[in-house]
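Residue strings, one per chain:
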Amino acid sequence: MKKRLVDFISRFYFILIMIFLYAPILVMVALSFNDSRSRVVWGGFTLRWYGTLFSNRQIREALLMTVGLALLSSFIALIIGGAAAFGIHAMRRKGYVVMMGITNIPLLNADIVTGISLMLWFIRFIPLGFNSVLIAHVTFNIPYIILALLPKIEQMNRSIYEASRDLGASAARGFFTMILPQLAGGIISGFFMAVTMSMDDFMITYFTKGAGVNTLSTMIYGEIRKGIKPEMYALSTVIFAVVFVILLIVNFSPANKKAGNKREGMI
Amino acid sequence: MAEENIIELRNVTKRFEDDGSIAVKDMNLAVRRGEFVTFLGPSGCGKTTTLRMIAGFDTPTSGSILLNGRDITALPPNKRPINTVFQRYALFPHLNIYDNIAFGLKLKKLPEDEIREKVTRVLEMVDMAGFEKRNTQTLSGGQQQRVAIARAIVNEPEVLLLDEPLGALDLKLRMGMQRELMRIKKEVNITFIYVTHDQGEALTMSDRIIVMNKGIIQQEGDPVSIYDEPQNAFVADFIGESNIIDGIMLKDCLVRIQGIDVECVDTGFEPNEKVDVVIRPEDLVVTELGAGFTDGLVTEVTYEGAYYDIRVQAADYEWHLQSNVSAMPGTRVGISILPENIQIMHKPRSSDEEILKKD
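Residues numbered from 1 in each chain as written. Chains lettered and ligands numbered in written order. Predicted model: local features only at pLDDT ≥ 70, side-chain atom pairs only at ≥ 80, totals over all residues. Heavy atoms only, no water.

Caption draft 1: Geometry of the overall build of chain B. Helix and strand counts for chain B stand at eight helices and 20 strands. Across the 359 residues in chain B, those meeting the buried criterion constitute 51%. For chain B, long-range pairs separated by at least 24 residues make up 65% of all intrachain contacts whose partners lie at least 6 apart in sequence. For chain B, the accessible surface area stands at approximately 16,800 Å², while carbon and sulfur atoms represent 49% of it. Taken as two groups, the 40 positive and 56 negative side-chain charges of chain B have centres that lie 8 Å from each other. (Helix = DSSP H or I, 4+ residues; strand = E, 2+ residues; numbered from the N terminus. Buried < 20%, exposed > 50% of the residue type's maximum accessible area, 1.4 Å probe, protein only. Contact = heavy atoms within 4.5 Å. Areas by Shrake-Rupley, 256 points an atom, 1.4 Å probe, with all protein chains shown as cover. Lys, Arg positive; Asp, Glu negative; His and termini not counted. Charge placed at Lys NZ, Arg CZ, Asp CG, Glu CD.)

Caption draft 2: Fine view of the nonpolar core. Ranked by size, the top nonpolar core spans 66 residues in total, and within it Ile7(B), Phe39(B) and Ile193(B) carry the most contacts. Ranked by the residues each element gives to this core, the list is headed by helix α6 (residues 130–155) of chain A, at nine residues. Grouped together as the second largest cluster of nonpolar side chains are 36 residues, Ile97(B), Leu139(B), Ile184(B) and Met205(B) included. (Core = buried A, V, L, I, M, F, W, Y, C linked by side-chain atoms within 4.5 Å.)

Caption draft 3: A look at the environment of Arg15(B). All names here are of chain B. Topologically, Arg15 is positioned in strand β1 (residues 5–15). It is 5.9 Å that separates the C-alpha atoms of Arg15 and Thr61, two residues lying 46 residues apart in sequence. Dropping the residues within four chain positions of it, Arg15 is found in contact with Gly20, Ser21, Ile22 and Thr61.

Caption draft 4: Quick look at the sheet that holds strand β12 (residues 254–257) of chain B. All names here are of chain B. Read across the sheet, five strands follow the order β13-β12-β11-β14-β20 without closing on themselves; strand pairing throughout is antiparallel. Looking at the sheet topology across the chains shown, the edges are occupied by β13 (260–263) and β20 (343–346). Sheet twist, expressed as the average angle between the axes of neighbouring strands with direction ignored, equals 45°. Judged from the seven bridges that link them, strand β11 (residues 243–251) and strand β14 (residues 273–279) form a sheet pairing that is antiparallel. (Pairing = 2+ DSSP bridges. Axes fitted to C-alpha atoms, helices over the stretch in contact; angles between N-to-C directions.)

Caption draft 5: Structural view of the interface of chain A and chain B. Taken together, the 15 residues of chain A in the interface contact 22 residues of chain B. Of the roughly 1,600 Å² buried at the junction of chain A and chain B (both faces included), carbon and sulfur atoms supply 60%. Among the residues of chain A in contact with chain B, Glu162(A), Asp166(A) and Leu167(A) are the three that bury the most area, contributing 42% of the side total. Linking chain A with chain B are one salt bridge, by the criterion used here. (Buried area = accessible area lost by both parts, 1.4 Å probe. Salt bridge = Lys/Arg side-chain N within 4 Å of Asp/Glu carboxyl O.)

Caption draft 6: Quick peek at unusual backbone geometry. All names here are of chain B. Positive phi outside glycine occurs at Asn68, with the angle close to 50°. The topology assignment puts Asn68 in the loop between β4 (62–67) and β5 (70–71). Despite not being glycine, Lys214 has its phi angle at roughly 50°, a positive value. Summarising the element assignment, Lys214 is placed in the loop between β9 (208–213) and β10 (216–221).

Caption draft 7: Quick peek at the packing of α6(A) against helix α8 (residues 171–200) of chain A. All names here are of chain A. At a closest axis distance of 8 Å, the pairing of α6 and α8 adopts a crossing angle of 155°. Relative to α8, the element α6 is oriented roughly antiparallel. α6 and α8 meet at a crossing whose hand is right-handed. In this structure, α6 contributes His137, Phe140, Asn141, Tyr144, Ile145, Ala148, Leu149, Lys152 and Ile153 to the contact, and α8 contributes Gln182, Leu183, Gly185, Gly186, Ile187, Ser189, Gly190, Phe191, Met193, Ala194, Met197 and Ser198. Split by residue class, the contact of α6 with α8 holds twelve nonpolar, eight polar and one charged. (Parallel < 35°, antiparallel > 145°, perpendicular 65-115°, else oblique. Left-handed = near helix turned anticlockwise from the far one by under 90°. Nonpolar A, V, L, I, M, F, W, Y, C, P; charged D, E, K, R; others polar.)

Caption draft 8: Structural detail: the packing of aromatic side chains. Enumeration over the complete set of coordinates arrives at 20 aromatic pairs over all chains. Look at Phe191(A) and Phe192(A): their rings are 5.7 Å apart centre to centre, the planes differ by 80°, and that puts the pair in the edge-to-face class. Phe191(A) sits in the buried class, given a relative accessible area of 17%. The partly exposed category is assigned to Phe192(A), whose relative accessible area is 23%. Ring centres 5.0 Å apart and planes at 75° place the aromatic pair Tyr317(B) and Trp319(B) in the edge-to-face group. The pair formed by Tyr317(B) and Trp319(B) is uniform in burial state, with each residue classed as buried. (Phe/Tyr/Trp six-rings, centres within 6.5 Å; stacked < 30°, edge-to-face > 60°.)

Caption draft 9: Spotlight on the domain arrangement of chain B. Parsing chain B into structural domains produces domain 1 (5–228) and domain 2 (243–346). Computed over C-alpha atoms only, the centres of domain 1 of chain B and domain 2 of chain B are separated by 40 Å. (Domains from an automatic or database assignment.)

Caption draft 10: Looking closely at the pattern of salt bridges. Residues and elements named next belong to chain B. In this structure the tally under the stated criterion is 26 salt bridges over all chains. Between Asp58 and Arg52 there is a salt bridge whose closest N-O contact spans 3.1 Å. Across the salt bridge formed by Glu117 and Arg121, the nearest N and O atoms sit 3.7 Å from each other. With Glu117 and Arg121 both in helix α3 (residues 112–125), this residue pair falls four residues apart, about one helical turn. Salt bridges sharing partners connect three or more residues here, namely Arg32, Glu35, Arg208 and Glu220.

Caption draft 11: Broad picture of the sheet that holds strand β18 (residues 317–323) of chain B. Residues and elements named next belong to chain B. Strands sit in the order β15-β19-β16-β17-β18 across an open sheet of five strands; the sheet is antiparallel. One side of each edge strand has no neighbouring strand; the edge strands of this open sheet are β15 (285–287) and β18. Adjacent strand axes in the sheet meet at a mean angle of 45°, parallel and antiparallel pairs treated alike. As paired strands, strand β16 (residues 294–303) and strand β19 (residues 332–336) are joined by four bridges and run antiparallel to one another.

Caption draft 12: Layout of the confidence of the model for chain B. Model confidence for chain B is summarised by a mean pLDDT of 88, while 96% of its residues fall at 70 or above. Note on residues 350–359 of chain B: pLDDT is under 50 here. Beyond four places in sequence and across chains, it has 18 contacts. (pLDDT = per-residue confidence, 0-100.)

Caption draft 13: Here's a closer look at a negative patch on the surface. Residue and element names in this part refer to chain B. A surface patch of like charges, here negative, comprises Asp222, Asp228, Glu229, Glu241, Glu282 and Glu304. By the element assignment, Glu282 lies in the loop between β14 and β15. When its relative accessible area of 34% is taken as the criterion, Glu282 is described as partly exposed. (Patch = residues over 30% accessible without salt bridge, like charges linked within 9 Å, V, L, I, M, F, W, Y side chains within 5 Å.)

Caption draft 14: Region of interest: the packing of helix α7 (residues 159–166) of chain A against α8(A). All names here are of chain A. Running from N to C, α7 and α8 cross one another at 155°; their axes reach a closest spacing of 9 Å. By the angle between their axes, α7 is roughly antiparallel relative to α8. The chirality of how α7 crosses α8 is right-handed. The residues of α8 that touch α7, namely those facing Ile160, Tyr161, Ser164 and Arg165, are Ala171, Gly174, Phe175, Met178, Ile179 and Gln182. Here the residues of the contact of α7 with α8 are counted per class, giving six nonpolar, three polar and one charged.

Spelled out as structure tokens, the structure:
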């Protein structure tokens with residue numbers, strides 16, 4: 001009797017959480033297919049808003065900017081963060097702890113603080129524009145790369161690299177054939193984590209972008225001030241779908257499964 | 001020609017930059033072509049670091065390493081005609097046995113049929129014929145070890161380095177692999193440099209043993225001389241088991257142990273010099289009371305299979321004996337020793353500098 005009650009409560013609680021988390025998103029998705037400008041009247045199913053969405057030049061440019069910025073900043077962060085992860089791994093305990101602390105600060109720091117401080121820095125040295133946003137995104141992406149790569153580097157079997165060198169492989173060949181494959185899972189999950197974070201960001205982008213540069217989030221923010229249009233529902237639905245798919249890829253990528261490491265899944 | 005040096009270490013020192021610790025201190029060594037040389041010592045004695053410097057994975061802080069008289073100190077591992085059998089085998093998990101062994105040959109761009117022939121031959125040599133297509137993970141430890149050896153020797157290196165290759169195997173398998181290694185050594189006629197902390201392994205296989213401690217060579221010599229004539233207390237203690245007891249050298253061939261004068265065969269000490277006396281447990285014999293050089297009380301007897309391990313308390317020292325004949329705990333017995341089985345050593349001048357003075 002008691003067990004059934006506990007079961008019921010825990011199930012009820014779980015369903016409640018799911019409703020609070022996902023019901024608003026489902027409502028938004030539903031509204032994006034609603035053939036009516038009203039938010040309370042169902043006017044029938046339509047793809048109209050998606051049509052206007054993709055024919056809108058401003059939105060297309062913002063989408064291109066968002067995706068391009070995410071991919072480029074994540075790629076640069078991957079190279080810098082990857083080098084940093086190897087460096088941190090090679091450090092002794094004291095340096096290791098200090099560097100991991102420095103890595104964690106941008107993650108925990110409020111976006112607005114990061115955003116404003118970067119802006120202050122940029123307006124002193126470079127004009128605000130695409131470059132400043134790119135540098136800002138690279139900056140906050142690096143810690144994600146380090147956090148995804150470091151455990152992989154630590155688990156890595158270094159002796160097979162040495163064995164390949166011993167048998168005649170050059171340093172580069174040994175790295176690409178022995179080390180890189182072992183880190184593939186961390187590279188993929190770190191890269192996509194960074195892509196997600198970059199696409200997700202509003203605050204830092206808002207403070208560091210110059211006039212004329214808009215990502216989807218800053219553009220939506222600007223649009224909403226003029227009044228909410230159904231195209232925005234459609235756009236948000238698309239973003240949600242993309243992030244959802246990326247999450248699935250990261251969590252079910254074969255490289256990740258093989259390592260049996262569940263931590264990367266927790267974005 | 002047979003006596004030429006293939007590997008030479010000249011004043012090699014390795015200091016690790018991150019914590020400043022010295023792994024190898026001013027080491028000089030020459031390995032002759034075709035020799036089976038073993039670095040023997042406890043963990044942290046510098047033996048693996050020395051091996052890694054010869055392989056090219058670590059660079060000496062100072063000093064130089066020569067191969068056939070040519071300085072190779074700065075040469076990366078892939079440019080050295082030296083191959084390594086790693087401690088944990090380090091087989092490539094994504095390649096099958098054939099591709100593991102062919103790895104080095106493919107990098108040398110040998111024709112495909114020549115590679116195939118060599119791989120087949122080497123697999124036969126290590127008794128693994130027919131395993132070409134198998135995955136490395138499906139092999140037992142002993143089989144992985146054989147593949148690791150095959151992968152190294154198929155390249156016909158001038159020197160083969162083996163880093164505790166049998167450490168992960170169980171005792172029985174280890175004994176078998178020791179014989180295998182000696183057979184392979186004979187067949188391929190490559191110089192072997194072997195690292196181990198297992199004195200049995202070293203004594204069984206080596207032409208020459210280099211005993212190391214704290215980055216310094218303590219003694220080098222053939223197995224018999226290392227075992228029978230340890231030159232300091234560290235070597236005596238590390239190689240086999242020993243009774244090491246303080247003594248005073250009264251004159252040539254006479255040493256005083258615990259106030260008892262005992263005949264020995266060692267000469268060349270100062271009169272009344274304080275010395276370390278080393279006696280192997282198997283050289284001590286249990287006798288009638290009063291028939292040996294000392295008497296004592298049997299405190300402990302353990303049956304070890306091949307012999308009895310006996311402890312005898314005499315005055316303030318507990319003697320350790322290994323004997324075919326048992327003794328009754330609690331009884332008093334005599335202990336005797338032949339003069340030639342007593343080994344006398346100079347006391348080290350300081351505990352840190354237990355370095356061997358070569359004559």
